[in-house]
Amino acid sequence: QVQLVESGGGLVQAGASLSLSCAASERTFSTYAVGWFRQAPGKDREFVAAIAGGSRNHTAYADSIKGRFTVSRDDAKDTVSLQMNSLKPEDTATYYCAARDSIDYAISPFFYDYWGQGTQVTVSS
């Protein structure tokens, strides 16, 4: 059972930056693909970014955040980060990291096996 813990959320003004971190309890975390998702009140959970496992580090991004967010991983520390720049009010949501027992990432949340508890990001205008 992989346990994921997100951190780094907060309240910022539009245009600011935040860095989210996802720490895993699994020693073989490097073999897991990791995705970031977000969910705003009253909306479905949506894909934000993903990174492959197995040291391939292929990444994918949602169009809405492409060029502003960067996903990366530090397998020595069993963590995956999401650097968020130029934040907009529409980025306000609870952000979740998820791990998939595969080196290949997925866009759909249904393919992820483990989820963190989420961290709140609020961007004021």
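Residues numbered from 1 in each chain as written. Predicted model: local features only at pLDDT ≥ 70, side-chain atom pairs only at ≥ 80, totals over all residues. Heavy atoms only, no water.

1. A short note on the overall build of the protein chain
Phase 1 of the analysis: Helices and strands together make up the secondary structure of the protein chain, namely zero helices and eleven strands.
Phase 2 of the analysis: When the helices and strands of the protein chain are read in sequence order from the N terminus, they spell out β-β-β-β-β-β-β-β-β-β-β.
Phase 3 of the analysis: Based on the C-alpha atoms only, the size of the protein chain along its principal axes is roughly 40 × 25 × 25 Å.
Phase 4 of the analysis: Taking all 125 residues of the protein chain together, the buried fraction comes to 43%.
Phase 5 of the analysis: Counting contacts in the protein chain only where the partners sit at least 6 residues apart, residues at least 24 apart contribute 59% of the total.
Phase 6 of the analysis: Distance between charge centres in the protein chain, computed from 11 positive and 13 negative side chains, equals 4 Å. (Helix = DSSP H or I, 4+ residues; strand = E, 2+ residues; numbered from the N terminus. Buried < 20%, exposed > 50% of the residue type's maximum accessible area, 1.4 Å probe, protein only. Contact = heavy atoms within 4.5 Å. Lys, Arg positive; Asp, Glu negative; His and termini not counted. Charge placed at Lys NZ, Arg CZ, Asp CG, Glu CD.)

2. Regarding the nonpolar core
Phase 1 of the analysis: If you look at the biggest cluster of nonpolar residues, it comprises 37 residues, and the most contacted ones within it are Leu4, Trp36, Leu82, Met84 and Tyr95.
Phase 2 of the analysis: Counting residues per element, the ones that place at least two in this core are β3 (18-24), β4 (33-39), β5 (46-51), β7 (69-74), β8 (79-84), β9 (93-100) and β11 (119-124). (Core = buried A, V, L, I, M, F, W, Y, C linked by side-chain atoms within 4.5 Å.)

3. Description of the environment of Tyr95
Phase 1 of the analysis: By the element assignment, Tyr95 lies in strand β9.
Phase 2 of the analysis: Residue class for Tyr95 comes out buried when judged on its relative accessible area of 0%.
Phase 3 of the analysis: As a C-alpha pair, Tyr95 and Tyr112 span 17 residues in sequence and 15 Å in three-dimensional space.
Phase 4 of the analysis: Beyond its immediate chain neighbours, meaning those up to four positions away, Tyr95 contacts Glu6, Leu20, Phe37, Arg38, Val48, Phe69, Leu82, Met84, Gly118, Thr119 and Val121.
Phase 5 of the analysis: Separated by 2.9 Å, the side chains of Tyr95 and Arg38 make a polar contact. (Polar contact = N/O pair within 3.5 Å; in protein donor to acceptor, adjacent residues only side chain to side chain.)

4. Here's the deal with the side chain of Asp78
Phase 1 of the analysis: By the element assignment, Asp78 lies in the loop between β7 and β8.
Phase 2 of the analysis: Taking the relative accessible area as the measure of exposure, Asp78 reaches 16% and is therefore buried.
Phase 3 of the analysis: With sequence-adjacent residues up to four places away left out, Asp78 is seen in contact with Cys22, Ala23, Ala24, Glu26, Arg27 and Phe29.

5. As for the environment of Gln83
Phase 1 of the analysis: Note on placement: Gln83 falls in strand β8.
Phase 2 of the analysis: Counting along the chain gives 21 residues from Gln83 to Asp104, while the straight-line C-alpha distance between them is 21 Å.
Phase 3 of the analysis: Residues in contact with Gln83, not counting those within four places in the same chain, are Ser17, Leu18, Ser19, Arg68, Phe69 and Thr70.
Phase 4 of the analysis: At 2.9 Å, the side chain of Gln83 forms a polar contact with the side chain of Asn85.

6. Concerning the pattern of salt bridges
Phase 1 of the analysis: This structure, assessed with the given rule, holds six salt bridges.
Phase 2 of the analysis: For Asp63, the salt bridge is made with Lys66, and the minimal N-O distance between the two is 3.3 Å.
Phase 3 of the analysis: On the basis of relative accessibility, which here comes to 65%, the residue Asp63 falls in the exposed class.
Phase 4 of the analysis: Here Asp91 ties to Arg68 by a salt bridge, and the two come within 2.8 Å at their closest N and O atoms. Highlighted residues: Asp91 in the loop between β8 and β9 and Arg68 in the loop between β6 (59-61) and β7, separated in sequence by 23 residues. Side by side, Asp91 and Arg68 carry an identical accessibility label, which is buried.
Phase 5 of the analysis: Overlapping salt bridges bring together Arg38, Glu46, Arg68 and Asp91 as one network. (Salt bridge = Lys/Arg side-chain N within 4 Å of Asp/Glu carboxyl O.)

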